[in-house]
Amino acid sequence: MKTIRQLPHRLLTCLLVSCGLLGAHAQDWAKSRLENSPRHLEWVTIKQGSRDVKCFLAFPEVKDKATAVVVIHEIFGLTDWVRGVADQLAEAGFIAIAPDLLSGTAPGGGGTAELGGGDAVRKAISSLAPDQITADLSAVVEYVTKLPACNGKVAVGGFCWGGSQTFRLATNNKQILAAFPFYGSGPEAEGEIARIQCPVYGFYGGNDARVNATIPKSEGIMKQAGKRYEPVTYEGAGHGFMRAGEAPDASEANQRAREAAWKRWKEILGRL
């Protein structure tokens, strides 16, 4: 495991605190970024069986067809911050699509926005069936691959809950060229790992002991299966550092980790 001056620490509490404490204020600065973006941003609805999956789509301003990235949201659903990540990927030259996997879970068929955040969102996300998540994400991959502006290459990246779903999607979808789980645990079944056909590049905060405790096992079973897994841990960063490191009151460690992670992510995407 590659480590950037690793320090141990914790996760779930950190997850709820570091992300949750940002609250409405975080959404204010994230929403402001979106409102001032010069790029083409739109909402699309993707059919998956009888389901309608609402997705946020961001296009880069580039001459040639671009690689696409499916962005999987945190346990907090499709927030302004996640949409901002999609916009930042578009700024870097990639098509980005962020599905609301909570589509249809709110009264009246709404999703994250209609659930209103907090416990309602976490309760809804915990009730999602794994097969539905896989089917939704695979439909999104198929959709974005066929966009006229896409070069046919698709990667997937996700955060926290979405990081775990990113690793899991790699076991279920042969179309994706790379998986980028951010502070999410990997599958533990050797049979699932054996199905992975793309490299997995992990991003972890040094102060995130619960998630980091799963890395050695992921390394072991990925190596045994002959799969490529490259985790990097950022010293002093907490769980959720990609979000926390962008906040106006970001700690130096989270800000530094976010900048380094973005640099790595964009460089790898550019090589696909």
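Residues numbered from 1 in each chain as written. Predicted model: local features only at pLDDT ≥ 70, side-chain atom pairs only at ≥ 80, totals over all residues. Heavy atoms only, no water.

Enquirer: Could you clarify how one ought to interpret helix H10 (residues 215–224) in this entry?
Expert: One turn of the α-helix equals 3.6 residues, which is why residues spaced by three or four share an orientation. Listed in full, the buried residues belonging to H10 are Ile215, Ser218, Ile221 and Met222. Each buried residue of H10 lies within a common arc of 140° when the element is viewed along its axis, so the set occupies one face. Residues of H10 that are exposed and point over 90 degrees away from its buried face: Lys223 and Gln224. At its buried positions, H10 is contacted by helix H7 (161–170), helix H8 (190–193), strand E8 (200–207), helix H9 (209–212) and strand E9 (229–238). Glycine 226 occupies a position one or two residues after H10 and carries a positive phi of about 75°. (Buried < 20%, exposed > 50% of the residue type's maximum accessible area, 1.4 Å probe, protein only. Helix = DSSP H or I, 4+ residues; strand = E, 2+ residues; numbered from the N terminus. Arc of directions from axis to C-beta. Contact = heavy atoms within 4.5 Å.)

Enquirer: Looking at this model, I keep getting lost on the side chain of arginine 264. Mind explaining?
Expert: Tracing the backbone shows arginine 264 in helix H12 (residues 252–271). Nearest to the buried, unbridged arginine 264 among oppositely charged side chains is glutamate 230, at 4.4 Å. Separated by 2.7 Å, the side chain of arginine 264 and the backbone oxygen of glutamate 230 make a polar contact. Look past the residues within four positions of arginine 264 in its chain and what remains in contact with it is Tyr201, Gly202, Phe203, Glu230, Val232 and Tyr234. (Lys, Arg positive; Asp, Glu negative; His and termini not counted. Salt bridge = Lys/Arg side-chain N within 4 Å of Asp/Glu carboxyl O. Polar contact = N/O pair within 3.5 Å; in protein donor to acceptor, adjacent residues only side chain to side chain.)

Enquirer: What should I look at first to understand the environment of asparagine 172 in this one?
Expert: Considering the arrangement of structural elements, one finds asparagine 172 in the loop between H7 and strand E7 (179–182). Judged by its relative accessible area of 34%, asparagine 172 is partly exposed. Considering only alpha carbons, one finds asparagine 172 and aspartate 131, 41 residues apart in sequence, at a separation of 9.9 Å. Beyond its immediate stretch of four places on either side in the chain, asparagine 172 contacts Thr134 and Arg195. Only 3.2 Å separates the side chain of asparagine 172 from the backbone oxygen of arginine 168, close enough to count as a polar contact.

Enquirer: What is the right way to look at the pairing of strand E6 (residues 150–159) in this model?
Expert: Every other side chain in a regular strand lies on the same face of the sheet, so the side chains alternate between the two faces. Burial analysis of E6 places seven of its 10 residues in the buried class, the great majority of the element. Looking at chain direction, strand E4 (residues 66–72) and E6 are connected through six bridges and run parallel. Note on E6: the bridge partner recorded for valine 71 is glycine 157. Across four bridges, the pairing between E6 and E7 is parallel. (Pairing = 2+ DSSP bridges.)

Enquirer: When you look at helix H6 (residues 130–145) in this model, what are you seeing that I'm missing?
Expert: In a regular helix each residue adds 1.5 Å, so 16 residues correspond to 22 Å; H6 covers 23 Å between its end C-alpha atoms and thus fits that length. If you check which residues of H6 are buried, you get Ile133, Thr134, Asp136, Leu137, Ser138, Ala139, Val140, Val141, Val144 and Thr145. Here the buried face of H6 lies against strand E2 (40–48), strand E3 (51–59), E4, strand E5 (95–99), E6 and H7. (Expected span 1.5 Å × (residues − 1).)

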